[in-house]
Amino acid sequence: MISNVIKSMRPKQWYKNLVLFIGVLFSSNMLNLTFLVDSGLAFLVFCLLSGSIYLINDILDIEKDKNHPKKRKRPVPSGTLKVSHAIFFIVLFLTISFTVAYWVNQYFFLITLFFIILLLSYSLWFKNIIIADILIISSGFVIRAVAGALAISVFVSPWLIICAFLLALFLALGKRRHELIILGDEAKNHRIILEGYSTQMLDQMITITTSSLIMSYSLYTFFVGNIYMMITIPFAFYGLFKYLFLVHSKNLGGEPELIFKDKGMILSMILWVMIVFIVIYVDKIRGIF
């Protein structure tokens, strides 16, 4: 039963919560053990919250998922995990999450409440409203970024927050495009909202979002106060363009986590993180040695 619960919580999707480390990384506190521990706790809280929402979604969409070629194999729709057991673990995980969040600090606790309310509102209403659905999903990444900063009481550049929103919007549009192509005429039976989208419309929205993301990240590196941050621009752009290539040539937009299987994407992400770390922490590293 435990393995089925963990599977239903989609641990492969938890990489999205790494956005919470933006605060500790870009505030030059990555070498501060106290801040790092608090950021780690914030990450664990949001993993439990995300997992709980996935369990809730499986319960709400159980009948639809039974008719889906892949989703019907999930523990809840397949019947290997009883609904009553799923509800028990939802309550347990939410209780643990809010308790730990309040222990971190009150502001972090409040934003975790807002996060869970936002995701629940998406599951119940906004997922069936065109455009609003992808905006709510993207807003979840903004909340993650802000939550990471609140967990350690630091300031994060608004430009960085905008970048988090645009990147999430970019991924959400890619996923909708993937669903339209894969499901074809059956798309609306999978998600009612897909009836309102078209690949041409989504391609135009992806183009606008990509351009906005490129400009926003560039402006962030210009105004952050460290001229060497501009060195990271080519690596960030390569990762963005390589993902676009994978979306169009290999149709991987439905599962963004598959980018971790592409050597080019992995290399660009590692180099980007390394350069950001060196640029931000070079003075502190010199002080240590």
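Rules of the game
- By convention here, each chain's residues receive numbers from 1 onward along its written sequence.
- Where local features are concerned, this predicted model is filtered to residues with pLDDT of at least 70; where side-chain atom pairs are given and counted, the filter is 80 or more; whole-chain, interface and lining totals use all residues.
- To obtain the side-chain values, all non-hydrogen atoms of the structure were included, while hydrogens and water were left out.
- The way it works is that DSSP assigns letters per residue, a run of H or I at least four long becomes a helix, a run of E at least two long becomes a strand, and they are numbered from the N terminus.
- For the radius of gyration, the atom set is restricted to C-alpha positions; the globular benchmark scales as 2.2 Å times the number of residues to the power 0.38.
- Note on exposure labels: buried denotes an accessible area under 20% of the residue type's maximum, exposed denotes more than 50%, and partly exposed covers the range between, all computed with a 1.4 Å probe on protein chains only.
- In this description, accessible areas are obtained by the Shrake-Rupley approach with a 1.4 Å probe, and a residue is regarded as covered only by the protein chains that are shown.
- Only four residue types enter the charge count, namely Lys and Arg as positive and Asp and Glu as negative; His and the chain termini do not.
- The atom standing in for a charge is NZ when the residue is Lys, CZ when it is Arg, CG when it is Asp and CD when it is Glu.
- Every residue carries a pLDDT, the predictor's confidence in it, which falls somewhere between 0 and 100.
- Stacked, edge-to-face and tilted are the three classes for Phe, Tyr and Trp ring pairs, Trp counted by its six-membered ring, which pair at centre distances within 6.5 Å; planes under 30 degrees apart are stacked, over 60 edge-to-face, the rest tilted.
- Charge-over-ring contacts are defined here by two conditions on Lys NZ or Arg CZ: a distance within 6 Å of the ring centre and an angle within 35 degrees of the ring normal.
- An axis is simply a line fitted to the C-alpha atoms; with a helix, the fit covers only the stretch in contact. Between two such axes, the angle follows the N-to-C directions and lies from 0 to 180 degrees.
- Two helices that cross are described as forming a left-handed crossing if the nearer one is turned anticlockwise from the farther one by less than a right angle, and a right-handed crossing if clockwise.
- When checking whether two residues touch, look at their non-hydrogen atoms; a contact exists if any pair is within 4.5 Å.
- Gly counts as polar in this scheme, as do all residues outside two lists: the nonpolar Ala, Val, Leu, Ile, Met, Phe, Trp, Tyr, Cys and Pro, and the charged Asp, Glu, Lys and Arg.
- Should a side-chain nitrogen of Lys or Arg be within 4 Å of a carboxyl oxygen of Asp or Glu, the pair is scored as a salt bridge.
- Between the first and last residue of a helix there are one fewer steps than residues, each counted as 1.5 Å, and that sum is the expected span.
- Picture the helix axis, draw a direction to every C-beta atom, and the arc is the one those directions span.

J.: I'd like a rundown of the overall build of the protein, residues and numbers included.
T.: A count of helical and extended segments in the protein gives 13 helices and zero strands. Written out in order from the N terminus, the α and β elements of the protein read α-α-α-α-α-α-α-α-α-α-α-α-α. What you see for the protein is a C-alpha radius of gyration of 20 Å, in line with the 19 Å of a compact globule of 289 residues. When burial is assessed residue by residue, the protein has 51% of its 289 residues classed as buried. As displayed, the protein offers around 14900 Å² of accessible surface, 70% of which is attributable to carbon and sulfur atoms. A gap of 5 Å separates the mean positions of the 25 positive and 15 negative side-chain charges of the protein.

J.: Help me get a handle on the confidence of the model for the protein, residues and values and all.
T.: Here the protein shows a mean pLDDT of 86. Residues at 70 or above account for 91%. For the protein, helix 10 (residues 187-190) is the element with the lowest average pLDDT, namely 62, and helix 6 (residues 83-104) is the one with the highest, namely 93.

J.: So what's going on with the packing of aromatic side chains? Which residues, and what values?
T.: On inspection of all chains with the given rule, the structure shows 13 aromatic pairs. Taking 5.2 Å as the distance between ring centres and 80° as the angle between the ring planes, the aromatic pair formed by Phe88 and Phe89 counts as edge-to-face. Pairwise contacts between aromatic rings join Phe26, Tyr217, Tyr220 and Trp272 into one cluster. In this structure, Arg144 is placed above the aromatic ring of Phe141, and the distance from its NZ or CZ to the ring centre is 4.9 Å.

J.: Mind laying out the packing of helix 8 (residues 132-151) against helix 9 (residues 158-183), listing which residues take part and the relevant values?
T.: Running from N to C, helix 8 and helix 9 point in directions that differ by 145°, and their axes come no closer than 8 Å. The chirality of how helix 8 crosses helix 9 is right-handed. Along its contact with helix 8, which presents Asp133, Ile134, Leu135, Ile137, Ser138, Ser139, Phe141, Val142, Ala145 and Val146, the element helix 9 presents Ile161, Ala164, Phe165, Ala168, Leu169, Ala172, Leu173 and Arg176. Among the residues making up the contact of helix 8 with helix 9, the classes are represented as 14 nonpolar, two polar and two charged.

J.: Which residues make up the pattern of salt bridges, and what values do they have?
T.: Any two side chains of opposite charge can pair if their charged atoms end up close together. Summed over all chains, the structure comprises six salt bridges. Salt-bridge contacts for Arg74 lead to Asp58; the nearest nitrogen and oxygen are separated by 3.7 Å. Of this pair, Arg74 sits in the loop between helix 4 (62-65) and helix 5 (75-78) while Asp58 sits in helix 3 (residues 33-60), and the two are 16 residues apart along the sequence. For Asp58, a relative accessible area of 1% puts it in the buried group. One salt bridge connects Asp133 with Arg176, and the closest N-O pair in it is separated by 3.0 Å. Remark: Arg176 occurs in helix 9 and Asp133 occurs in helix 8; sequence separation between them is 43 residues. Residues Asp133 and Arg176 agree in their burial class; the two are buried. Residues joined in a network through salt bridges with shared partners are Arg10, Asp58 and Arg74.

J.: Could you give an account of helix 6, naming the residues involved and the relevant values?
T.: Side chains of residues three or four places apart in an α-helix project in the same direction, reflecting 3.6 residues per turn. Between its first and last C-alpha atoms helix 6 spans 31 Å; for 22 residues at 1.5 Å apiece the expected length is 32 Å, and the two agree. Taken as a whole, helix 6 has its buried residues at Ala86, Phe89, Ile90, Phe93, Leu94, Ser97, Phe98, Ala101 and Val104. Buried residues of helix 6, seen end-on, are gathered within an arc of 160° and therefore sit on one face of the element. Opposite the buried face of helix 6, at more than 90 degrees from it, the exposed residues are Phe88, Thr99 and Trp103. Residues of helix 6 that are buried make contact with helix 1 (2-8), helix 3, helix 5, helix 7 (106-124) and helix 8.

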